[in-house]
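# Coordinate inspection notes
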Amino acid sequence: MHPPDNEQLEKLEVDARSIEDALVTHARAWARDQGSFTRQFLLQEARLTVINQAEVTDTVVDEVPALKAEVEEICDELAATFEEWSASVDLQKAKTLAQNPRNTFLKLTAQSHEAFGNVFIRRRYNSGSGSRDRTSGSPNWHFYIPETGTARNPAMRYDASAAKDLSDLWSSWAAIARQINSAKDQIQRSRAARLWDADLVLPSP
């Protein structure tokens, strides 16, 4: 193995480890940010639901304090879910997140999404989903997110901008991983050539 080959590979591997550390750090920060952001979003969604469906609220006036308490508990549990996920992040989780942040977000919010919908549907609020006869896996509650172009949305809103650093890091890691594989391949090819050529005696001209 030629020293220049070794040095290049070692440098690439150092760079890759640095990016991997950054991926884990950013993944943990992403989870904490999303937990706080989504907690506030759910609290606002609850307030909008009570106001926008005031005719229903009038029929459950006595239940509003209990409803508010249930919503706050769901929000606290959601924030805790993100905190727990943040604390558990390893490199594999960070890589999975970086490749598809929205998918991870939807998985982490699924239980709270369902619980949130249930506390309102139980009190006869309109879920906005068009039908109570849901197919398996479909959401039980559509959220008020007017900027999406429709009045209701089947998924919680999340801060997509928080995923940009993860996306950039993933692209950098993937590029270095390709370079590492290429360098290793070249080293192996050079070693094989030297092994073959070592005892090869070429005929004299």
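Residues numbered from 1 in each chain as written. Predicted model: local features only at pLDDT ≥ 70, side-chain atom pairs only at ≥ 80, totals over all residues. Heavy atoms only, no water.

With that settled, consider helix H5 (residues 101–121). Residues spaced three or four apart along an α-helix face the same direction, because each turn holds 3.6 residues. Along its 21 residues, H5 runs 29 Å from first to last C-alpha, staying within 8% of the 30 Å computed at 1.5 Å per residue. Along H5, the largest kink reaches about 45 degrees and is centred on threonine 109. Within the span of H5, buried status applies to Pro101, Thr104, Phe105, Leu108, Thr109, Ser112, His113, Phe116, Gly117, Val119 and Phe120. (Helix = DSSP H or I, 4+ residues; strand = E, 2+ residues; numbered from the N terminus. Expected span 1.5 Å × (residues − 1). Bend = angle between axes of the 7 residues up to and from the residue. Buried < 20%, exposed > 50% of the residue type's maximum accessible area, 1.4 Å probe, protein only.)

The next thing to look at is the packing of helix H4 (residues 91–99) against helix H6 (residues 164–198). H6 packs onto H4 with a crossing angle of 110 degrees between their chain directions and a minimal axis gap of 8 Å. When the axis of H4 is compared with that of H6, the two are roughly perpendicular. The crossing of H4 and H6 is left-handed. Side by side, H4 and H6 meet where Lys95, Leu97, Ala98 and Gln99 of the first sit next to Leu166, Trp170 and Trp173 of the second. Across the contact of H4 with H6, the residue classes break down as 5 nonpolar, 1 polar and 1 charged. (Axes fitted to C-alpha atoms, helices over the stretch in contact; angles between N-to-C directions. Parallel < 35°, antiparallel > 145°, perpendicular 65-115°, else oblique. Left-handed = near helix turned anticlockwise from the far one by under 90°. Contact = heavy atoms within 4.5 Å. Nonpolar A, V, L, I, M, F, W, Y, C, P; charged D, E, K, R; others polar.)

What follows covers the packing of aromatic side chains. Scanning the model with the defined rule gives 10 aromatic pairs in all. Where phenylalanine 82 meets phenylalanine 105, the ring centres are 6.2 Å apart and the plane angle is 35 degrees; that geometry is what we call tilted. On the criterion of sequence distance, the pair formed by phenylalanine 82 in helix H3 (residues 64–88) and phenylalanine 105 in helix H5 is long-range, its members being 23 residues apart. Taking the relative accessible area as the measure of exposure, phenylalanine 82 reaches 0% and is therefore buried. Using a relative accessible area of 0% as the deciding quantity, one classes phenylalanine 105 as buried. Pairwise contacts between aromatic rings join Phe41, Phe116, Phe120, Tyr125, Trp141 and Phe143 into one cluster. Over the ring of tryptophan 141 we find arginine 152; its NZ or CZ atom is 5.4 Å from the centre of that ring. (Phe/Tyr/Trp six-rings, centres within 6.5 Å; stacked < 30°, edge-to-face > 60°. Lys NZ or Arg CZ within 6 Å of the ring centre and 35° of its normal.)

For the rest of this paragraph, the subject is the nonpolar core. Judged by nonpolar contacts, the single largest core of 46 residues is most densely connected at Leu23, Trp30, Leu42, Val71, Phe116, Phe120 and Phe143. Mapped onto this core, the elements with two or more residues apiece are helix H1 (3–52), H3, H4, H5 and H6. A per-element tally of this core places H1 first, with 12 residues. Beyond its immediate sequence surroundings of up to four residues, valine 71 is in contact with Leu43, Ala46, Phe116, Val119 and Phe120. (Core = buried A, V, L, I, M, F, W, Y, C linked by side-chain atoms within 4.5 Å.)

Here H6 is 35 residues long and its end C-alpha atoms lie 51 Å apart, about the 51 Å a rise of 1.5 Å per residue gives. Within H6, burial applies to Leu166, Leu169, Trp170, Trp173, Ala174, Ile176, Ala177, Ile180, Ala183, Ile187 and Ser190.

Attention now moves to the pattern of salt bridges. With the rule as written, the count across this model stands at 6 salt bridges. Between glutamate 63 and arginine 123 there is a salt bridge whose closest N-O contact spans 2.9 Å. On the criterion of sequence distance, the pair formed by glutamate 63 in the loop between helix H2 (54–57) and H3 and arginine 123 in the loop between H5 and strand S1 (143–144) is long-range, its members being 60 residues apart. Judged by relative accessible area, arginine 123 falls into the buried class, the value being 6%. Glutamate 70 is paired through a salt bridge with arginine 123; the nearest N and O atoms lie 2.7 Å apart. Taken together, the residues span a long stretch of sequence, with glutamate 70 in helix H3 and arginine 123 in the loop between H5 and S1 at a distance of 53 residues. (Salt bridge = Lys/Arg side-chain N within 4 Å of Asp/Glu carboxyl O.)

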